[in-house]
Each structure stands twice: as structure tokens, then as C-alpha cells.
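Residue-level listing of the chains:
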Amino acid sequence: MVVDDHPMWREGVARDLTEAGFLVVATSGEGRQAIRVAAAARPDVVVLDLQLPDISGVEVVRGLRAALPDVRVLMLSASGEQQSVLDAVKAGATGYLVKSTAPAEFLDAVRRTAAGNPVFTPGLAGLVLGEYRRLAAGTGPGSAAGPADGSEPGAPQLTERETEVLRLVAKGLSYKQIAQRLGLSHRTVQNHVQNTLGKLHLHNRVELTRYAIERGLDD
């Protein structure tokens, strides 16, 4: 689904996606309408403009995630302003690209978003990870969760391999890089990540990365 208040931009993005083999189930030019339409159309990925005429893109992300907890949202904006990026990710966006991104890079970003991978314009990934670390450090003494291997009472039990993959996800490695490092297939790495998401009741790699960083697994 494509959400942008500029008709030419919206139609152009939808056309590019269609020509690349994606099924565009809906488009919208307003935030509130987008939430209603998405609830009926049930897209897997929403390409969402940050600036909309009625409500902000961040509010739309919250509404989309409330209506469709598994939806993945790729923000597109003319701005790479740091607070906008952080607000979008905190609201539940999977990725954030500036509109000057090249078409091929944009299409690749949509594919990666659909696969659950966090995608950010170069330079912004470090910003997001840094914010996660700051939030984790600011949770107060004793309030940070313990190890992800399940040693804390009632914690999900992750296998040694799942924990190993989780550490590499927290370091920002792609599935392909993780597969190469561990000598596994790309599909096996995806399966480990999906199993871990299920055990931890998380929805995407952004949430998984935050979980791992809060537990110090990115060191």
C-alpha cells in the first residue's frame, strides 16, 4: 500500500512497485483514510510519507500497527531529520528512507522491509541503534532484562544457535552476512529469526534488535 498526499508521487511509486512485481492493494493521500483502508486491504507493507495533510505519518504508523500488528511500514520523507527518524521507529516503523533514494535502492528496501529487515538511509541506522542503547542504559539500575538465553525467571528459552543469530542481528548484520559468518543457508537464518520472534512475541527485526541491545547482546 502506498500513502502519500502528492498524487504524481503516489502514482509513480505505485507504478514502480507494480512493474517490479509487487501487488499494490491500495493507495491513499490522507492518514486517517489510510488506516481505514489498510484495515480492509490488509497490506503486508505500507510505504508511508512522513508528512500528510491531516495527521502525521508517525500517528499513522501507530494507527496501522494497532489495526494490523504484523504490518511493516517503510517511511519515505524529504527529511532525514534525526528526531523524525526516531519518532517513526519508536512508533513501529520498520525502516526510513529519504525521497532522494535511487529507484533501485527503494525497491530493494521494500523487499527487505517485506522480509522484516530494518532498512534505513545510510547514516541513520547508527542513529537508531545509538538511541536504543541510550534507552536501554536509561532504564535504571536493575531494570534492564537479563540474558536472552532464558536464564531469567519465566524468560523464553532460546537455543544456543538462536542466541548466536540474535547477537549478530543486534550488530546490524544482514541475513546474508549472518549466513556467511555462521556457515548456514539464508533460509536457515530466516527460520531462526522467525522462531526467535515467535518465542519473544515480537513483530520484526527492529523490535528484535532493540530486545537484544537492551540485554547487551550487541557488544
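The rules behind these values
- Residues numbered from 1 in each chain as written.
- Predicted model: local features only at pLDDT ≥ 70, side-chain atom pairs only at ≥ 80, totals over all residues.
- Heavy atoms only, no water.
- Helix = DSSP H or I, 4+ residues; strand = E, 2+ residues; numbered from the N terminus.
- Buried < 20%, exposed > 50% of the residue type's maximum accessible area, 1.4 Å probe, protein only.
- Contact = heavy atoms within 4.5 Å.
- Pairing = 2+ DSSP bridges.
- Axes fitted to C-alpha atoms, helices over the stretch in contact; angles between N-to-C directions.
- Salt bridge = Lys/Arg side-chain N within 4 Å of Asp/Glu carboxyl O.

Engineer: I'm lost on the overall build of the protein in this one. Help?
Structural biologist: Looking only at helices and strands, one finds 10 helices and 6 strands in the protein. Within the protein, the proportion of its 219 residues that are buried is 48%. For the protein, long-range pairs separated by at least 24 residues make up 61% of all intrachain contacts whose partners lie at least 6 apart in sequence.

Engineer: Looking at this structure, I do not really get unusual backbone geometry. What am I missing?
Structural biologist: In this structure, R42 takes a positive phi of about 55° despite not being glycine. With respect to the helices and strands, R42 occurs in the loop between helix 2 (31-41) and strand 3 (45-49). Its relative accessible area of 57% is what places R42 among the exposed residues.

Engineer: Is there a simple way to explain the sheet that holds strand 4 (residues 72-77) in this structure?
Structural biologist: Each strand in a sheet pairs with another by means of backbone hydrogen bonds, the pair being arranged parallel or else antiparallel. The strand order across the open sheet built from 6 strands is 2-1-3-4-5-6, with neighbouring strands paired in parallel fashion. Looking along the sheet, the strands with just one partner apiece sit at the ends: strand 2 (27-28) and strand 6 (119-120). Sheet topology places strand 1 (residues 2-3) next to strand 2; 2 bridges connect them, and they run parallel. For V2, the partnering residue across the bridge sits in strand 2 and is T27. Sheet contacts for helix 3 (residues 57-67): strand 3 and strand 4; angle to strand 3, the most-contacted strand, approximately 160°.

Engineer: Before we go on, may I ask you to explain the pattern of salt bridges in this structure?
Structural biologist: Any two side chains of opposite charge can pair, so long as their charged atoms come close to each other. The final tally for this structure, using the stated rule, is 6 salt bridges. We note a salt bridge from R32 to D54, for which the minimum N-O separation is 3.9 Å. Of the two residues, R32 sits in helix 2 while D54 sits in the loop between strand 3 and helix 3, which places them 22 residues apart along the sequence. For R32, a relative accessible area of 46% translates into the label partly exposed. With a relative accessible area of 28%, D54 lands in the partly exposed category. Note that R161 is salt-bridged to E164, the shortest N-O span being 2.9 Å. With R161 and E164 both in helix 7 (residues 160-170) and 3 residues apart, the pair spans about one turn of that helix.

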